[in-house]
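Architecture and fold: a report
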Amino acid sequence: MAYRHVVGPRTHVFADLATLMAKATPVRSGDRLAGIAAESAEENAAARWCLAEVPLAEILARPLIPYEQDDVTRLILDTHDAASFAEIAHLTVGDFREFLLTATPDGLTRIAPGVTPEIAAAVSKIMRNQDLISVARKARVVTRFRNTIGLPGTLAVRLQPNHPTDDPKGITAAILDGLTLGCGDAVIGINPASDSVQALGDLLQLLDGVIQTHAIPTQACVLTHVTTTLAAMERGLPVDLVFQSIAGTEKANAGFGVTLALLKEAHEAALALKRGPLGDNCMYFETGQGSALSADAHHGIDQQTLEARAYAVARPFRPLLVNTVVGFIGPEYLYDGKEIIRAGLEDHFCGKLMGVPLGVDVCYTNHAEADQDDMDTLLTLLGAAGCTYIMGVPGADDVMLNYQSTSFHDSLYLREVLGLKRAPEFEAWLHGIGLTDEGGALLPGSGAPLLTAAPDLAA
Amino acid sequence: MSDPREIWARLAGLTPARIGLGRAGSGLPTREVLRFGLDHAQARDAVHAPMDAEALASAIAELGLATIPVASQAPDRATYLRRPDLGRRLDPEDFLGLQAAAESTDLALVVADGLSARAVHENAAPLLKAFAPLAEQSGWRLAPVVIASQARVALGDAIGDALKARAVAVLIGERPGLSSPDSLGIYLTLDPKIGRSDAERNCISNVRTAGLTHAKAAFKLHWLLARALTLGLSGVTLKDESDRALESGAAAPALPEPSRG
């Protein structure tokens, strides 16, 4: 069915819902590359008017990719919670925006299982950045493994101690740096250079040793392919969290070498290990706008909607952590600081609205039109939006993946200006070993208490 | 225990990552902010500086190799960055020109600006200098070296096809990292044709003075090409085991092992 919107003498026609949503999206390079972006500013605005009048029930009834063709569509519809949806079923997209702006945190929690990714994406397209921030800030998604992540007023940090050759001493040095700067409550997570099971085993033992020896209330992860992690679990290696990159269509997931069945198998294997004393959220997913287009698996759907569909893939696995790697993919998908900032806020909003614990890798590459000032802006906005976690990379320079993310120092800045605390168990651990004062602020001394408490690490 | 500053100085020696930076309140010390700014500036310049094709042509001519300049369909840098599809397509006139110059050869070498002209300026000629004698030893016929501007890796497929080469090696400026604005990548593809996928290529990355040296990179390229020509395949099914050959001091690549199917 075609959608129409009249602006003065001109009638804008949109062939179907996928076209309407693509044309209504704030313009970005990836949708232009796919040939589906609005062709004028007026068309973009007209599509938003038109989209605002579409009933949510109609979005639910018209899957963008047919049920028969795509297992992500089947997952979305088969697990849809009709009871939760009943509360919003009568609304249009435009009404839904106003509903969200007035909703309480409990109200958002109640409707989350009824919000499909297409509904989240549609409403985000007619929201300004401030709307994305104020609604996401109200959404509560709390997860637990060895600590509690996502409580109001907190921000967690993934300590990302990557090394170009996985050198254990180099990785340990970076972990020590991050811990002494008060980071690592979300996870200590390494992107390995090697993808062999042997290398994975060495890194898992290293991380487990650090966490167990010093009783750090956090979890470990080596971000390798899910099949490699499955092999590691079969060998009895210490796996806290199972990691996988995921996308919003069956074909794009096939490009990552994963199926929903494979994710289920890995989830069940990790649950069976029962390694989380406080909770059993044991999955970690990464996503990012543009991944489906780059795998030639986008079905003519805009990249922001497909990104929200990736959160629908994550949701049934009750993950501890999910983050969009927002500026990593490059300027052909998100061209500059403005596009990266918008995408980061959209992704965070859509994830939270769907009940997924969204963090953001606030990042850019050197061929994008972006710099540290843009990252400071996005970081600060996400702090205000109640982002679950950010990355902590030494000096913001990832020497393995060759991109710039946020640094340990960036998290200190955000805590200071917005008064954000760490996961409470981790906060208590830092205070217990004498690194922070009772308010959570780092004490002077270059991390001496940890260097003393952990001579093996500093050796 | 010793002074924390001494410990941090020692730990910083264990990784190229920026650790032990110190802090000013919650922020970085001034020297670290400035150092990061300079490194980012160099990486940005590497992305946007145009390739000097003439200087490259004369440096390559000094090695006794002929060159042909070509361009992709991306007219400028801004378009190139937004439209990777155009960077993979050869200018139609250049395609015809290459076809006219084609003689049956074993290898087409393409020097492509990619995302870092600086990487190409600093590493392409030295790499070719190290590689040319190895190719001659193996008796390979080389096509004229193609110098391609506003080019992506897959542009080599069209070039190799037009030149009727059995394989193509694209020497291309890699996406610059903050600490590596000068890194060259080499992508080898057997039987180049438009539409080859990345899974059909072998990659040698981080070729630069502070990374993989020109001599080692040339050795790897020679080893991989010898294997690819013998086995009739390139890409994920061709595993790079040249390190073992290098460690054992083999001057020429080992004979291929029987295929395991």
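Keep in mind that what you see is a predicted model, and the values were worked out from it rather than measured.

Parameters at a glance
Residues numbered from 1 in each chain as written. Chains lettered and ligands numbered in written order. Predicted model: local features only at pLDDT ≥ 70, side-chain atom pairs only at ≥ 80, totals over all residues. Heavy atoms only, no water. Contact = heavy atoms within 4.5 Å. Buried area = accessible area lost by both parts, 1.4 Å probe. Salt bridge = Lys/Arg side-chain N within 4 Å of Asp/Glu carboxyl O. Polar contact = N/O pair within 3.5 Å; in protein donor to acceptor, adjacent residues only side chain to side chain. UniProt positions renumbered as here; feature names shortened; annotations may be inferred. Buried < 20%, exposed > 50% of the residue type's maximum accessible area, 1.4 Å probe, protein only. Helix = DSSP H or I, 4+ residues; strand = E, 2+ residues; numbered from the N terminus. Phe/Tyr/Trp six-rings, centres within 6.5 Å; stacked < 30°, edge-to-face > 60°. Lys NZ or Arg CZ within 6 Å of the ring centre and 35° of its normal. Domains from an automatic or database assignment. Axes fitted to C-alpha atoms, helices over the stretch in contact; angles between N-to-C directions. Left-handed = near helix turned anticlockwise from the far one by under 90°. Nonpolar A, V, L, I, M, F, W, Y, C, P; charged D, E, K, R; others polar. Core = buried A, V, L, I, M, F, W, Y, C linked by side-chain atoms within 4.5 Å.

1. Looking at the interface of chain A and chain B
Taken together, the contact pairs 49 residues of chain A with 39 residues of chain B. At the boundary of chain A with chain B, total buried surface from both sides reaches about 3500 Å², with 60% on carbon and sulfur atoms. The three residues of chain A that bury the most area against chain B are Asn 366, His 367 and His 409 of chain A, which together make up 19% of that side's buried surface. Taken together, chain A and chain B are joined by two salt bridges. Taken together, chain A and chain B are joined by 11 residue pairs in polar contact (both at pLDDT 80 or more).

2. Brief notes about the UniProt feature "binding site: substrate" (unreviewed entry) in chain A
All names here are of chain A. In the UniProt entry, the feature "binding site: substrate" (unreviewed entry) is given for Arg 158, Leu 159, Gln 160, Asn 191, Glu 286 and Asp 361. Residue class for Arg 158 comes out buried when judged on its relative accessible area of 0%. In this structure, Arg 158 is in contact with Ala 186, Val 187, Gly 189, Ile 190, Asn 191, Leu 223, Tyr 284, Glu 286, Tyr 389, Ile 390, Met 391 and Gly 392, ignoring residues within four places of it in sequence. Of note is the side chain of Arg 158, whose polar atom sits 3.3 Å from the side chain of Gln 160. Mapped onto the secondary structure, Asp 361 falls in strand E11 (residues 358-361). Apart from the residues within four sequence positions on either side, Asp 361 is in contact with Gln 160, Asn 323, Thr 324, Val 325, Val 326, Gly 327, Met 391, Tyr 403 and Ser 405.

3. Here's the deal with the packing of aromatic side chains
When we look at a pair of aromatic rings, we describe it by the centre distance and by the angle of the planes. Using the criterion set out here, one finds six aromatic pairs over all chains in the structure. Sitting above the plane of the Tyr 80 of chain B ring, Arg 152 of chain B keeps its charged end 4.4 Å from the centroid.

4. Examining the environment of Arg 318 of chain A
Residues and elements named next belong to chain A. Checked against the element boundaries, Arg 318 lands in the loop between helix H17 (303-314) and strand E10 (321-325). Taking the C-alpha atoms as reference points, Arg 318 and Ala 156, 162 residues apart in sequence, are found 18 Å from one another. Setting aside chain neighbours within four positions, we find Arg 318 in contact with Leu 271, Asp 280, Asn 281 and Cys 282. In this structure the side chain of Arg 318 is engaged in a polar contact, spanning 2.9 Å, whose partner is the side chain of Asp 280.

5. Section: the pattern of salt bridges
Evaluated as defined, the whole model comprises 36 salt bridges over all chains. A salt bridge links Glu 369 of chain A to Arg 44 of chain B; its shortest N-O distance comes to 3.0 Å. With Glu 369 of chain A in the loop between E11 and helix H19 (372-384) and Arg 44 of chain B in helix H2 (residues 30-48), the pair connects residues from two separate chains. Among the residues examined, Arg 44 of chain B registers a relative accessible area of 16% and is labelled buried.

6. Some points on the domain arrangement of chain A
Residues and elements named next belong to chain A. Domain boundaries in chain A define domain 1 (16-138) and domain 2 (143-448). Measuring from the centre of the C-alpha atoms in domain 1 to the corresponding centre in domain 2 gives 26 Å. When the two sides are added together, the surface that domain 1 and domain 2 hide from each other amounts to roughly 3500 Å², 63% of it contributed by carbon and sulfur. On the domain 1 side of the interface with domain 2, the three residues burying the most area are Arg 28, Val 72 and Ile 133, jointly 16% of the side's total. Joining domain 1 to domain 2, the criterion identifies four salt bridges. Salt-bridge contacts for Arg 309 lead to Asp 70; the nearest nitrogen and oxygen are separated by 2.8 Å. Between domain 1 and domain 2 we count 27 residue pairs in polar contact (both at pLDDT 80 or more) in total. If you list the elements that add at least two residues to the side of domain 1 that touches domain 2, you get helix H1 (17-24), helix H2 (29-33), helix H5 (71-78), helix H7 (93-102), helix H9 (117-125) and helix H10 (129-138).

7. Here's the deal with helix H20 (residues 408-418) of chain A
Buried within H20 of chain A we find Phe 408, His 409, Asp 410, Ser 411, Leu 412, Leu 414 and Arg 415 of chain A. Residue Ser 407 of chain A occupies the N-cap position of H20 of chain A, its side-chain oxygen lying 3.3 Å from the main-chain nitrogen of His 409 of chain A.

8. Description of the UniProt feature "binding site: adenosylcob(III)alamin" (unreviewed entry) in chain B
Residues and elements named next belong to chain B. UniProt marks Val 153, Glu 174 and Cys 203 with the feature "binding site: adenosylcob(III)alamin" (unreviewed entry), using the numbering shown here. In three dimensions, the annotated residues from a span of 51 residues occupy one location, with a maximal C-alpha spread of 11.3 Å. Its relative accessible area of 17% is what places Val 153 among the buried residues. Residue contacts for Val 153: discarding those within four places in its chain leaves Val 170, Ile 172, Tyr 187 and Arg 201.

9. Re the packing of helix H13 (residues 226-234) of chain A against helix H15 (residues 260-273) of chain A
All names here are of chain A. Relative to each other, H13 and H15 sit at 35°, their axes nearing to 10 Å. By crossing handedness, the relation of H13 to H15 is classed as left-handed. Seen from H13, the contacting residues are Val 226, Thr 227, Leu 230 and Met 233; seen from H15, they are Leu 262, Glu 265, Ala 266, Ala 269, Ala 270 and Leu 273. Classifying every residue of the contact of H13 with H15 by side-chain character gives eight nonpolar, one polar and one charged.

10. Overview of the nonpolar core
Grouped together as the largest cluster of nonpolar side chains are 157 residues, with contacts concentrated most on Phe 96 and Tyr 284 of chain A. Among the domains, domain 1 (16-138) and domain 2 (143-448) of chain A are the pair contributing at least three residues each to this core. Those residues in contact with Phe 96 of chain A, other than ones at most four positions away along the chain, are Leu 56, Ile 88, Leu 91, Ile 111, Val 115, Ile 119, Val 123 and Leu 353 of chain A. Of all hydrophobic cores here, the second largest spans 41 residues; its members include Ala 124, Ala 169, Leu 188 and Val 207 of chain B.

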